[in-house]
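Residues per chain are reported as follows:
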Amino acid sequence: MAGKPSYQETTEVSTTELAQVLGVTARRVQQMAQDGTIPTVSRGRFNLCDSVQRYIKFLSREELSEDDAKLERAKRTAEVTLKASKAQIAKLEADELKGKMHRSEDVQAVTEDLIYNIRSILMSLPGRLAMDAAAAQTPAEASDVIRNEIYKAMREIANYHYDPNVYEERVRARRDWDAMESNDDDE
């Protein structure tokens, strides 16, 4: 009977024998028995087949546990980062809706509107000045006419004030555009 093992499913071994089979110390076998990894049949006796199978499961679970622990830590870190990013985005959006913060493209657009307004005021000066300056009798009168029109233009420009409603309208329009784009993507 060369091919048949000399043990059976119910074969019992001592702590030392099990330690030799598993390739660990007898003390390690005792520790595994104490923590319930390998159950004893009686004091210092173990079922060989059951003990080897449980030890293999223990080793594979331990290896997976380390990898799983690393993956779990990475997953938790990614989730925390994602949640923090979402919270930051939500805060920025809330600040934008409250008018406490403006997007650079909104500031650029409103500033461009202001510059075009200033440009139109300055471009209208020659037309507004031409007749009055030509009708002036002296250079001093012409100078006064020009100065008065420039002061009037400067007062118009100086009366420009920050209007949060302008930014609010731009935010609402952009949100409507974003909603329309996301609806188009869904179709």
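The shown structure was predicted, so the numbers you read here are calculated from the model rather than taken from an experiment.

## A look at the pattern of salt bridges
Enumeration over the complete set of coordinates arrives at nine salt bridges. Notably, a salt bridge pairs Arg170 with Asp106, separated by 3.4 Å at the nearest N-O pair. Taken as a pair, Arg170 in helix H6 (residues 164-186) and Asp106 in helix H4 (residues 104-135) lie far apart in primary sequence, 64 residues in all. The closest approach of N and O atoms between Glu149 and Arg128, which form a salt bridge, is 2.8 Å. Here Arg128 lies in helix H4 and Glu149 lies in helix H5 (residues 139-158), a separation of 21 residues in the sequence. Owing to a relative accessible area of 11%, Glu149 belongs among the buried residues under this scheme.

## Examining the nonpolar core
Formed by Val13, Leu18, Ala19, Leu22, Val29, Met32, Ile38, Phe46, Leu48, Tyr55 and Phe58, the largest nonpolar core amounts to 11 residues. Among the secondary structure elements, those contributing two or more residues to this core are helix H1 (15-22), helix H2 (26-34) and helix H3 (48-98). Discounting residues that sit within four places of it in the chain, Met32 has contacts with Leu22, Val24, Thr37, Ile38, Tyr55 and Phe58.

## Some remarks on the confidence of the model for the protein chain
Caution is warranted with low-pLDDT regions, since their predicted coordinates should not be read in detail. Confidence along the protein chain averages 83 in pLDDT terms, with 87% of residues attaining 70 or more. When pLDDT is averaged over each element of the protein chain, H1 comes out on top at 92 and H6 at the bottom at 73.

## Thoughts on the packing of H1 against H2
The N-to-C vectors of H1 and H2 enclose an angle of 100°; their axes lie 8 Å apart at closest approach. With respect to each other, H1 and H2 are oriented roughly perpendicular. In this structure, H1 contributes Thr15, Leu18, Ala19 and Leu22 to the contact, and H2 contributes Ala26, Val29, Gln30 and Met32. Residues belonging to the contact of H1 with H2 are distributed by class as follows: six nonpolar, two polar and no charged.

About the criteria used
Residues numbered from 1 in each chain as written. Predicted model: local features only at pLDDT ≥ 70, side-chain atom pairs only at ≥ 80, totals over all residues. Heavy atoms only, no water. Salt bridge = Lys/Arg side-chain N within 4 Å of Asp/Glu carboxyl O. Helix = DSSP H or I, 4+ residues; strand = E, 2+ residues; numbered from the N terminus. Buried < 20%, exposed > 50% of the residue type's maximum accessible area, 1.4 Å probe, protein only. Core = buried A, V, L, I, M, F, W, Y, C linked by side-chain atoms within 4.5 Å. Contact = heavy atoms within 4.5 Å. pLDDT = per-residue confidence, 0-100. Axes fitted to C-alpha atoms, helices over the stretch in contact; angles between N-to-C directions. Parallel < 35°, antiparallel > 145°, perpendicular 65-115°, else oblique. Nonpolar A, V, L, I, M, F, W, Y, C, P; charged D, E, K, R; others polar.

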